[in-house]
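Residue strings, one per chain:
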Amino acid sequence: MTAALRFDPIRLPPECEVLRQEVRAFLADEIAAGTFDPHKPQREDSDAPEFSRRVGERGWLGMTWPKKYGGHERSFLERYVVTEEMRVANAPTRRFFVADRQSGPVLLKYAPEHIKMDILPRICRGEVCFSIGMSEPNSGSDLFAAKTKATKTDGGFLINGSKIWTTSAHIADYMIAIFRTSPSTKENRRHGLTQFLVDMKSPGIKVNPIAQMTGLYEFNEVVFEDVFVPDDHMLGEIDGAWKQATSELAYERSGPERFLETYYVLTELVRAVGPNPDSRGAEGIGRLVAQLHTMRRMSVSVAGMLQAGREPVVEASIVKDIGTIWEQQLPHRVRELAAFVDSDASNHATLDEQLAFAIKTAPKLTIQGGTTEVLRGIIARGLGLR
Amino acid sequence: MTESENIVAETAERIFADLADAQTINGSKDGAWKGPLWHALAEAGLPLSWVPEDCDGSGASLAEGFGVLSAAGRSALAVPLAETMLAGWLLAQAKIASPSDTMTVAPANPKDRIALNADGTLSGRARGVPFAKGARFIAVLAHGADGIAIALVAIASCRIDPGLNLADDPSDTVIFNNAKPLVLKPAPAGFDQTALMLMGAVTRSLQIAGALESMLEISVRYSNERVAFEKKISKFQAVQHNLAKLAGETSAALAAASSAADAIANAEAFDDALFLEAAAAKIRCAEAAEKGAAIAHQVHGAIGFTQEHILHRYSLRALAWRDDFGHESHWGVELGKLVAARGADELWPLVASR
Ligand SMILES: Cc1cc2nc3c(=O)[nH]c(=O)nc-3n(C[C@H](O)[C@H](O)[C@H](O)COP(=O)(O)OP(=O)(O)OC[C@H]3O[C@@H](n4cnc5c(N)ncnc54)[C@H](O)[C@@H]3O)c2cc1C
């Protein structure tokens, strides 16, 4: 029998609601002060270092990490609330988002103590930006085809090659990357890759911005020429990066950012139809809200199960699979419904602008962080099919 | 509560495994399985799970009863267990004791209204009432001059125009022509037809989610057995991805239905948040039923299209259950109206409150 899928009806505990109100008040103040415009997800200036520091000051970065590294030892559910409120407000989280969600936990697990003591508190203060160096020109879904080399030298490694599609590399202080330290073996084609922490200020690194079809510059090509990385920047086992994909992946796959990226068009549609929609508008909105609510309940459920120490790996992949497809379709469904809205609606211009941006954003949602096809492969494995 | 803590649901599962085996039922021409199954369910007190002991029921919690409904969905149960449970629950709202026999509820469609006449009789027509034909009693929510009343009525005092749902289970029109209730009491304050529809919607959502769980399980199993082009079909990526999608739809249905059930089990009132939970569950489960059933059938090929194979027991019931206690289009319109009336900036707070 297939292992039963499980989505316990987990509710956020009361402390989360207190926190939510604090985050909302904070964001309202930031909006009032002109830090960002919640109606404009399409902004170029989403690196907001000052905002990032203020988020750190509130204790909302590294929330679940040990206090000795600057963390706050709060629950994953509390972190969940902060993440979703920031996302729904379209807050400029670029500077800290990857560090807080992904890089920090990797360092916590694999970095030597002195590096943890150095970097983690700075992440918690909102001072440092991280990027992820996995993809290469000839290695995307097939991570294990990575060629960029780390060659052993005195006291460290020399890196040569390039990474591509590296989000935020142009503003990042660090990259956590995988490099080839040995060839793969006949028995194990996943063998031979090692995870490293790279200081982006190291000599020999060149970052070339790549324009996206939205017009924004969010990702880059990163070229390495004899870049020196010291031994103590190796993370985990040499040649064993493949073993290090752990339960963090489940957090990465199932968070609120996996279905809320285009949420703003739904809010704007509700504003445009007004308080008394016709039945087509009402039904369309009702169905979209039903999907949204379901996605969120699934995502909270996975967060709660993780907090309780379980490893709902298949469930997390399912959340990302159907969540990203939903957020990809959302602008198109909203567009269909918006066609019936009175074009004199006061927010029509905002809605049109947002729709254009969301429709242009949509294709990436099922590619970044592992494609739909790759995710379905993982789900199929969990179902016992491969 | 997790299901493993739910002894009531475990009892139900045991009875279903022993007496409602899909293969056996599917092969039966005369429905001889129904008697022993119902007898065992009644012995275990399951039909009156939601009736407090002082109303002659077994006094299980709402959560325990919801666990029974999930299990009933997983076995595509075709006896009026869910209906009798709902009827008992409705009667208990007005402190009316339940008879120990098969029951159903009316209305089962949000558009139907049963009127309570000045002389205490009932008039009106309820369409799509599940298992009315064959049930002994019907619990009715009626609108009178002084408000809403709940009544226990003998089926014998109504006219039944029999019909069948997609899965050939009874789905009848019940006509009340000055029907005289056996018991009639006012509904408690704040309880209305919407509350009954929401409870019915959550009931059907749990059953649909359960049927999807079974469709996923038998589809995965079949794909690991069936060979084509000298391979198990589970080795074809297209089949794997279809099954991954079926797992996604099953998960969405499970999450939405169990969340709504949990919301009702812990609710103080039928408020906007509860409306969101229950309406969303019915909408999402109905959508999942369509997509999920299509994939389950696709994976099975022709064999799944036969009377002899058990797949249709699950797929057709999941599809049929979409129609009861509010079609997903109905709930879509009602939920959309609620969201629009609250206003754009109240949408996220509502969603996040769950
Ligand atoms: C906006 C954006 C930001 C990104 N940011 C980063 C980042 O910060 N760091 C980073 O390292 N990478 C990043 N990426 C890269 C991303 O991880 C890759 O694009 C992704 O893993 C897919 O790789 P690819 O583009 O090479 O496509 P390919 O792997 O070439 O895939 C092309 C198509 O073939 C399909 N395919 C491939 N293999 C299979 C298979 N076995 N079975 C079925 N179908 C298959 C894929 O699903 C896809 O549809 C980003 C991408 C985007 C779009």
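Residues numbered from 1 in each chain as written. Chains lettered and ligands numbered in written order. Predicted model: local features only at pLDDT ≥ 70, side-chain atom pairs only at ≥ 80, totals over all residues. Heavy atoms only, no water.

(A) A look at the overall build of chain B. Counting its regular elements, chain B contains eleven helices and ten strands. At 20 Å, chain B has a C-alpha radius of gyration in line with the 20 Å of a compact globule built from 354 residues. Along the longest, intermediate and shortest principal axes, the C-alpha atoms of chain B span 75 × 55 × 35 Å. Taking all contacts inside chain B whose residues are at least 6 apart in sequence as the whole, residues at least 24 apart take part in 73%. About 13,600 Å² of surface is accessible on chain B, with carbon and sulfur atoms providing 51% of the total. (Helix = DSSP H or I, 4+ residues; strand = E, 2+ residues; numbered from the N terminus. Rg over C-alpha atoms; globule rule 2.2 N^0.38 Å. Contact = heavy atoms within 4.5 Å. Areas by Shrake-Rupley, 256 points an atom, 1.4 Å probe, with all protein chains shown as cover.)

(B) Expanded view of the site of the ligand. The local shell around the ligand holds 17 residues, among which A:Ile132, A:Ser141, A:Trp165, A:Thr167 and A:Thr371 are the closest. In this structure, the ligand is bordered by residues of chains A and B. A:Ser135 is positioned with one of its backbone polar atoms (N or O) 2.8 Å from an oxygen atom of the ligand. A:Thr167 is positioned such that a nitrogen or oxygen atom in its side chain is 2.7 Å from a nitrogen atom of the ligand. Within the complex, 63% of the 960 Å² of free accessible area of the ligand lies under protein. Two domains each provide a minimum of three residues to the shell around the ligand, namely domain 2 (132-239) and domain 3 (254-382) of chain A. (Near = heavy atom within 4 Å. Polar contact = N/O pair within 3.5 Å; in protein donor to acceptor, adjacent residues only side chain to side chain. Domains from an automatic or database assignment.)

(C) Region of the structure containing unusual backbone geometry. Omega for the peptide link from B:Ala106 to B:Pro107 comes to -10°, which places this bond in the cis form. Unusually for a residue other than glycine, A:Asn90 sits at a positive phi of about 60°. Inspection of the secondary structure assignment puts A:Asn90 in the loop between α3 (76-88) and α4 (94-110).

(D) Broad picture of the packing of helix α1 (residues 7-19) of chain B against helix α3 (residues 34-43) of chain B. All names here are of chain B. It is at 10 Å that the axes of α1 and α3 come closest, and there the two elements cross at 165°. Put simply, α1 runs roughly antiparallel to α3. With respect to the hand of their crossing, α1 and α3 are arranged in right-handed fashion. Contact residues: α1 offers Ile 15, Phe 16 and Leu 19, while α3 offers Pro 36, Leu 37, Ala 40 and Leu 41. (Axes fitted to C-alpha atoms, helices over the stretch in contact; angles between N-to-C directions. Parallel < 35°, antiparallel > 145°, perpendicular 65-115°, else oblique. Left-handed = near helix turned anticlockwise from the far one by under 90°.)

(E) Seen up close, the domain arrangement of chain B. Residues and elements named next belong to chain B. Each assigned domain of chain B is listed with its residue range as follows: domain 1 (1-77), domain 2 (102-188) and domain 3 (193-352). Computed over C-alpha atoms only, the centres of domain 1 and domain 3 are separated by 21 Å. Each partner contributes residues to the interface: domain 1 has 15 residues there, and domain 3 has 21 residues. Here domain 1 packs against domain 3, burying approximately 1,500 Å² in sum over the two surfaces, 63% of which is carbon and sulfur. For the domain 1 face of the interface with domain 3, the top three residues by lost area are Asn 26, Phe 66 and Arg 74, together amounting to 37%. (Buried area = accessible area lost by both parts, 1.4 Å probe.)

(F) Structural context of the nonpolar core. All names here are of chain B. Judged by nonpolar contacts, the single largest core of 165 residues is most densely connected at Leu 41 and Leu 335. For this core, the leading source of residues is helix α6 (residues 193-223), giving 17 residues. Apart from residues lying up to four places away in sequence, Leu 41 is in contact with Ile 15, Phe 16, Leu 46, Pro 47, Leu 77, Val 79 and Leu 81. (Core = buried A, V, L, I, M, F, W, Y, C linked by side-chain atoms within 4.5 Å. Buried < 20%, exposed > 50% of the residue type's maximum accessible area, 1.4 Å probe, protein only.)

(G) Main features of the environment of B:Phe137. Residues and elements named next belong to chain B. Locating Phe 137 in the fold gives a position in strand β4 (residues 137-144). Note: C-alpha distance between Phe 137 and Leu 182 (45 residues apart in sequence) is 9.6 Å. Dropping the residues within four chain positions of it, Phe 137 is found in contact with Pro 99, Asp 101, Thr 102, Met 103, Thr 104, Leu 152, Val 153, Ala 154, Ile 155 and Leu 182.

(H) The environment of B:Phe191, seen in detail. All names here are of chain B. Following the sequence through the fold, Phe 191 ends up in the loop between β8 (183-186) and α6. Along the sequence, Phe 191 and Asp 161 sit 30 residues apart, while their C-alpha atoms lie 29 Å from each other. Excluding residues within four positions of it along the chain, Phe 191 makes contact with Trp 89, Leu 90, Gln 93, Leu 141, Ile 148, Ile 150 and Leu 196.

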